[in-house]
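Chain and residue survey
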Amino acid sequence: MNSCGVWQSLQVGEPKDIKPLPIEVGKFYQCIIDLKLYQNEKLINELPKDDGNVTICFAIPPYQEGTIYYWDKYFDEKSEWKPISDPYKTGIACGAVTKSGYYGMVDVNKENK
C-alpha cells in the first residue's frame, strides 16, 4: 500500500469467467493475471496519475513472440480483449499498467493459431 491508500490484489490463475480471445488472435501462453486496484477499500478502475503504475511480467517461450492483452472485466464487461503492447520476443516481457482487469500474454506466432 502506498501513501495515498491505493493497493492492489493480484491473482494469477485460470478464472472460470474469462471471455475468450477473438478467433484471429493466438492462445494464451500461461495463466491470466487478475489485477484489482483498491482505494479506501473500494475497487477502482485506474490508479491516480500521481500513484505511478504496476509492472506485470510474463515469460515467452524460446523462439516465440507474444503480446500483452487486456480485458476490462470489472468496469466494462462488454469490452473485448485488446493488445496493449507491441510484440515481445523470447524471454521476459514486462509492461506498466494502471487499470484493474485481466492481463495475459498471447502467442502472436501465426503458425501457432
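Structure: see above.
Residues numbered from 1 in each chain as written. Predicted model: local features only at pLDDT ≥ 70, side-chain atom pairs only at ≥ 80, totals over all residues. Heavy atoms only, no water.

Points about the overall build of the protein chain
Counting its regular elements, the protein chain contains zero helices and seven strands. Each helix and strand of the protein chain, placed in order from N terminus to C terminus, yields the pattern β-β-β-β-β-β-β. Taken over 113 residues, the protein chain has a buried fraction of 41%. Partitioning the intrachain contacts of the protein chain with sequence separation of at least 6 by distance along the chain shows that 73% fall at a separation of at least 24. Surface summary for the protein chain: the accessible area is close to 6,900 Å², and the carbon and sulfur share equals 52%. (Helix = DSSP H or I, 4+ residues; strand = E, 2+ residues; numbered from the N terminus. Buried < 20%, exposed > 50% of the residue type's maximum accessible area, 1.4 Å probe, protein only. Contact = heavy atoms within 4.5 Å. Areas by Shrake-Rupley, 256 points an atom, 1.4 Å probe, with all protein chains shown as cover.)

Overview of the nonpolar core
One finds Leu35, Val54, Ile56, Phe58, Tyr103 and Met105 to be the most contacted residues of the largest nonpolar core, which totals 16 residues. At the level of secondary structure, the elements contributing two or more residues to this core comprise strand E2 (32–39), strand E4 (54–71), strand E6 (88–97) and strand E7 (101–107). Here Tyr103 is in contact with Ile32, Ile33, Leu35, Ile56, Phe58, Ile68, Tyr69, Tyr70, Trp81, Ile84, Val97 and Thr98, once residues within four sequence places are set aside. Val25, Tyr69, Trp81 and Val106 belong to the second largest nonpolar core, which has eight residues in total. (Core = buried A, V, L, I, M, F, W, Y, C linked by side-chain atoms within 4.5 Å.)

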